[in-house]
Amino acid sequence: MEYFLDVILPIPLERMFTYRITRAEATYIKQGMRVAVPFGKSKLYTGIAYRVHQDKPLAYEAKDIEVILDDVPLVNPTQLKHWQWIASYYMCTLGEVVRSGLPSAFLLESETMILPNTDAEIDETTLDDDEFLVIEALKHQSSLLIKDVVAILGKKTVLPVIQRLVAKKGIQLKEDIQEKYTPKTIKYIRISELYRDETALAEVLNSLSRAPKQSKAVLSYYQMEAQTHKPIKESDLVAEGQVSKSVIKALADKGIFEIYYLETDRVQFEEGDKDVDKVALNEFQAQALEAIKNTFDANKVCLLHGVTSAGKTEVYIKLIKQVMDQGKQVLYLLPEIALTSQLINRLKAYFGNAVGVYHSKYNVNERVEVWNSVLQQKESAQIVIGARSALFLPFQELGLVIIDEEHESSFKQFDPAPRYHARDAAIVLAQLHKSNCLLGSATPSLESYANAKSGKYGLAKITRRYGNVLMPEIELVDIKEATRKKRMQGHFSERLFKEIEETLAENEQVILFQNRRGFAPIVECTTCGHSVQCPNCDVSLTYHQHRTQLRCHYCGYHVALPKACEACGNATLDTKGFGTEQIQEELKTLFPNATVGRMDLDTTRGKYGYQKIIAAFESQEMDILVGTQMVTKGLDFRNVGLVGIMNADSLLNFPDYRAHERSFQLMVQVAGRAGRTQKRGKVLIQAYNPYHQILQQVSTYDYEKMFAEQVYEREQFKYPPATRIMRITLKDRDYNKLNEAAEWLAGSLRNSMQGQVLGPEFPAVSRIRNEYIKHILIKFKPKEAVHHTKKSIKRIQLSFDAIARFRSIKLVYNVDHI
């Protein structure tokens, strides 16, 4: 009787592939184990075992699996259910979810190995120079990888050379799978069994009388062992005993010391020194905690709507402690990696080494260790803090999911697939684990607040800041008048300039918010009006002064700043608009004694980039911090007296149905960074139209009014939360073909669906990386059977793919587009 295994491959395939296995393998393999399988002509992939059965595939001949990679499942059944939900709801393949969910170290792909062909003699006179170099290298090495050949030949196009050598029977090719994860080991020292008793020790010291350094190393070892009663690290012995590693090696060679290695986690925290029971909640926090518990008892998701600096984290800490006491795990999701560094320090103080961290700035090995800790339910990963990718971890006993700053658009994944929203996916994960789920925000998204209003979610509120600190005073500054009267100093109004001066005089710090990085978004010729464009995208290049270059923020193309206009040749180039770099330069001129820092994508590229800037600002090494929206998100600085928003109009006039909601959220959040201790903070918002309804609502913190107005407008124009939307994006390098395909697809969708189909339409940036882009927007009512709608879209896609002319066109589905 034959046995077969369905395998999920980490590639965008609509279905699983079936492989042949032996009876012994069928009893050994469990769902969730990794198996290496052949796919295509010679490639090997790591797949996830899904189901063992006896149904032979009819469409193709089943191949044998190559090797079983795990002893125990790496992915648990609840995870697979969750991943299948993500694939189904967000209209992508299960393979894409697996590739996104598993750390890349687990997805071993084969590497092509080049071996000498021992069965045939090759005539070296027939070889060209490149071929000869490869054959010569194989005389000295048993095998080569493709990257080795690239290094030997000094060029990247090596495949033609390899193909010619295969044709001449000079080499053979073989696929080899290699493990990417390397555990971190620490070198330890112990005394050999022979010298453990006192008489043997005396003999050793006598024998070392002429080697004082070695004698000192042995004595230091015994002293350390007596003091710590723990295994002794080599590095500690070197430091404490003040001996070199060569001395220790000499003792190991003599058989006195033994060297051994122990595996350790790469990321470790000290034990917590604060007691959760001593965290005192004020009456508003206590009421919110009670409301949250009542909601959890009713098996509902709870939304915690607390003003900025209301002490939401203390409420979370109380809830986390209760879940940990039950021996369950906690997932704490944050929208930005920048936030994790501050939060880690706060949670570490209470929970010590029980905190694990998982996000994309961690390297592959660190992520594998957190994965294994969660899988094995180790104490070091009882609480996992992370950005959206932490959703995919193999939780066994998940008791609580916290989604902090739930309104943030950063929770939505845009590229590559799966294009999931971490908040919504986390709510489903909590339901699958039958665990509690808490959303927290000072400015909830309209969808979450609408769900709370309708009774679908529970609602808890904290309306006062912790310690009864007053909310910052918000003042709107009319820069239209100031510009007309020429009263601006660069991009600073007189009012903002004076406030910064006063704040710095009182030894307080300032945060300035400008939602654009770089120096200036446009470099324009004042003679002919020409501006430098990106050759690959339909956007102008942004000027970055510290590198003296123009950069495209879409494709990364960059070029040195030209000395003269490329169109008319005149040296009359000028910048238009301003970014964080320009604000930083102006501040250095206006306040030469102040230390000015900048926090944007350019300054936070490294693993600890965020941490360094946040730590420097917290320890008051900087007086003024200029930043993009990174500075708005839940950071807690105790000494900020003033927050300035440089240009509110750029946020409000964005061509997007969420522009007003986002502007309100961003401005209230950035305002919340001010005055977090006893003294009332101040916020200045510069705008050309200070009478705009959203700015008026921000100045009075009137979330309810903003919510009512926005929901009414969206109901009129059929946008979420009243309607659900999905965006289909078509991409191709051929402009005419794209237009034709988009019209065909939109026509087919209109014919088969009751929902509104808008478009096709070019977006504001209609070409990125030399691909033209068109959008089709589909709207359907929340109560409609979305499942059937998606099925009919997939049916239309099959007809679309069958048209040979349209095969090169990429289709991207973005469900619940934001």
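Residues numbered from 1 in each chain as written. Predicted model: local features only at pLDDT ≥ 70, side-chain atom pairs only at ≥ 80, totals over all residues. Heavy atoms only, no water.

Asker: Explain the overall build of the protein to me, please; I cannot follow it from the model alone.
Answerer: Within the protein, the secondary structure is distributed over 26 helices and 34 strands. Taken against the 2.2 N^0.38 rule, which gives 28 Å for 818 residues, the C-alpha radius of gyration of the protein at 31 Å falls within 12% of a compact globule. In terms of principal-axis extent, the alpha carbons of the protein reach across some 85 × 75 × 70 Å. Considering the protein as a whole, with its 818 residues, one finds that 53% of them fall into the buried category. Look at the contacts in the protein between residues 6 or more apart in sequence, and 75% of them connect residues 24 or more apart. Of the roughly 38,500 Å² of accessible surface on the protein, 49% is carried by carbon and sulfur atoms. (Helix = DSSP H or I, 4+ residues; strand = E, 2+ residues; numbered from the N terminus. Rg over C-alpha atoms; globule rule 2.2 N^0.38 Å. Buried < 20%, exposed > 50% of the residue type's maximum accessible area, 1.4 Å probe, protein only. Contact = heavy atoms within 4.5 Å. Areas by Shrake-Rupley, 256 points an atom, 1.4 Å probe, with all protein chains shown as cover.)

Asker: Would you mind showing me how to read the sheet that holds strand 13 (residues 329-333) here?
Answerer: Strand-to-strand pairing in sheets goes through backbone hydrogen bonds, with the strands running parallel or antiparallel. Strand order across the open sheet formed by seven strands is 14-15-13-16-17-12-18, with parallel pairing between neighbours. Sheet topology places strand 14 (355-358) and strand 18 (458-462) at the edges, where each strand pairs with a single neighbour. With direction set aside, neighbouring strand axes in the sheet form an average angle of 20°. As defined by bridge partners, strand 12 (residues 302-306) adjoins strand 17 (residues 436-441) across four bridges and the pair is classed as parallel. Across the sheet, the residue bridging to L304 is G440, located in strand 17. Running over the sheet, helix 12 (residues 312-325) touches strand 12, strand 13, strand 15 (383-386), strand 16 (398-404), strand 17 and strand 18 and is turned about 165° from strand 16. (Pairing = 2+ DSSP bridges. Axes fitted to C-alpha atoms, helices over the stretch in contact; angles between N-to-C directions.)

Asker: In this structure, what is going on with the environment of Y735? I would like to understand it.
Answerer: One can find Y735 in helix 25 (residues 735-752). When the C-alpha positions of Y735 and K774 are compared, they lie 10.0 Å apart, and in sequence the two are 39 residues distant. Those residues in contact with Y735 that sit more than four places away from it in its chain are F762 and Y772.

Asker: Mind showing me how you'd approach helix 20 (residues 609-618) here?
Answerer: Residue pairs three or four apart in sequence face the same way in an α-helix, which turns once every 3.6 residues. All buried positions along helix 20 are accounted for by G609, Y610, I613, I614, A616 and F617. Down the axis, helix 20 shows its buried residues gathered within 160° of arc, on one side only. Following helix 20 by one or two positions, Q620 has its phi on the positive side, about 60°. (Arc of directions from axis to C-beta.)

Asker: Which parts of the structure should I look at to understand helix 10 (residues 245-253)?
Answerer: Listing the buried residues of helix 10 in full gives V247, I248 and L251. Across the axial projection of helix 10, the buried residues extend over an arc of 100°, all falling on one side. Away from the buried face of helix 10 by more than 90 degrees, exposed residues K245, S246, K249 and D253 are located. Once helix 10 ends, the next one or two residues include G255, with phi positive near 85°.

Asker: I'm lost on the packing of aromatic side chains in this one. Help?
Answerer: The relative placement of two aromatic rings is captured by the distance of their centres and the angle of their planes. For the coordinates displayed, the defined rule picks out 24 aromatic pairs. For the ring pair F39 and Y45, a centre distance of 6.1 Å and an interplane angle of 70° mean the geometry is edge-to-face. The exposure class assigned to Y45 is buried, which follows from its relative accessible area of 14%. Where F392 meets Y420, the ring centres are 5.4 Å apart and the plane angle is 85°; that geometry is what we call edge-to-face. Of the two residues, F392 sits in the loop between strand 15 and strand 16 while Y420 sits in the loop between strand 16 and helix 15 (422-432), which places them 28 residues apart along the sequence. The same class applies to F392 and to Y420, which are both buried. One aromatic cluster is present, formed by F17, F39, Y45 and Y60 through successive ring pairs. In this structure, K774 packs its charged tip against the face of F762, placed 4.6 Å from the ring centre. (Phe/Tyr/Trp six-rings, centres within 6.5 Å; stacked < 30°, edge-to-face > 60°. Lys NZ or Arg CZ within 6 Å of the ring centre and 35° of its normal.)

Asker: What's the story with the packing of helix 8 (residues 212-228) against helix 9 (residues 234-241) in this structure? I'm lost.
Answerer: Two quantities define a packed helix pair, namely the angle between the axes and the distance from one axis to the other. Interhelical geometry of helix 8 versus helix 9 gives an angle of 110° and a closest axis separation of 10 Å. In terms of axis orientation, helix 8 runs roughly perpendicular to helix 9. For the pair formed by helix 8 and helix 9, the contact residues are K216, A217, S220, Y221 and M224 on the first element and D236, L237, E240 and G241 on the second. Taken together, the residues that form the contact of helix 8 with helix 9 break down as four nonpolar, two polar and three charged. (Parallel < 35°, antiparallel > 145°, perpendicular 65-115°, else oblique. Nonpolar A, V, L, I, M, F, W, Y, C, P; charged D, E, K, R; others polar.)

Asker: Explanation requested: the sheet that holds strand 22 (residues 542-544) in the structure shown.
Answerer: Taken together, three strands build an open sheet; the order of strands is 22-23-24 and the sheet is antiparallel. With one partner strand each, in any of the chains shown, strand 22 and strand 24 (558-560) form the two edges of the open sheet. This sheet shows a mean twist of 30° between the axes of neighbouring strands, independent of strand direction. Examined bridge by bridge, strand 23 (residues 549-551) and strand 24 share three bridges and lie antiparallel to one another.

Asker: Which parts of the structure should I look at to understand the packing of helix 2 (residues 77-89) against helix 15?
Answerer: Viewed as axis vectors pointing N to C, helix 2 and helix 15 meet at an angle of 145°, and their least axial separation amounts to 10 Å. Crossing angle aside, the handedness with which helix 2 passes helix 15 is right-handed. Contacts from T78, K81, H82, W85 and I86 in helix 2 reach D424, A425, V428, L429 and L432 in helix 15. Looking at the contact of helix 2 with helix 15, its residues break down into six nonpolar, two polar and two charged. (Left-handed = near helix turned anticlockwise from the far one by under 90°.)

Asker: I tried to follow the environment of T604 on my own but got confused; where do I start?
Answerer: Relative to the helices and strands, T604 resides in the loop between strand 26 (596-599) and helix 20. Each residue touching T604, except ones within four places of it in the same chain, is listed here: K361, M599, G609, Y610, I613 and M630.

Asker: It is not clear to me how unusual backbone geometry should be interpreted in this structure. Could you clarify?
Answerer: Excluding glycine, residues mostly have negative phi values, and the peptide bonds linking residues are mostly trans. Residue P416 is bonded to the preceding D415 through a cis peptide linkage, with omega at -10°. The omega torsion across A417 and P418 is 5°, close enough to zero to call that bond cis. Its place among the elements puts P418 in the loop between strand 16 and helix 15. In the Ramachandran plot, E405 falls in the positive-phi region, its phi being about 50° despite a non-glycine side chain. With respect to the helices and strands, E405 occurs in the loop between strand 16 and helix 15. For N507, which is not a glycine, the phi torsion comes out positive at approximately 60°.

Asker: Honestly, the pattern of salt bridges in this entry has me stumped. Any pointers?
Answerer: Evaluation of the coordinates by the stated rule reveals 36 salt bridges. Ionic pairing is found between E447 and R658, a salt bridge with its closest N-O pair at 2.6 Å. Of this pair, E447 sits in helix 16 (residues 446-454) while R658 is found in the loop between helix 21 (649-652) and helix 22 (659-671), placing the two residues 211 residues apart along the sequence. An identical accessibility class is assigned to E447 and R658; each is buried. What makes R658 buried here is its relative accessible area of 7%. Within the structure, one salt-bridge network assembled from shared partners comprises E473, E475, R495, E499 and K682. (Salt bridge = Lys/Arg side-chain N within 4 Å of Asp/Glu carboxyl O.)

Asker: Looking at this structure, how should I read the confidence of the model for the protein?
Answerer: On average, residues of the protein score 86 in pLDDT, and 94% of them reach the 70 mark or higher. The lowest-confidence element of the protein is strand 8 (residues 171-177), averaging 69 in pLDDT; the highest-confidence one is helix 15, averaging 96. (pLDDT = per-residue confidence, 0-100.)

Asker: Looking at this structure, I do not really get the nonpolar core. What am I missing?
Answerer: Note that soluble globular proteins tend to have their nonpolar side chains buried in a common cluster. Counting 115 residues, the largest nonpolar core has W83, L102, L331, I728, L730 and L749 as the members making the most contacts within it. With sequence-adjacent residues up to four places away left out, I728 is seen in contact with L745, L749, K774, H775, I776, I778, I793, L811, V812 and Y813. (Core = buried A, V, L, I, M, F, W, Y, C linked by side-chain atoms within 4.5 Å.)

Asker: It is not clear to me how the state of the cysteines should be interpreted in this structure. Could you clarify?
Answerer: Disulfide: a covalent bond connecting the sulfur atoms of a pair of cysteines. Considering all chains together, one arrives at zero disulfides under this definition. Unpaired in this structure, C537 has its nearest cysteine sulfur neighbour in C555, at a distance of 3.8 Å. Judged by its relative accessible area of 1%, C537 is buried. (Disulfide = S-S within 2.5 Å.)

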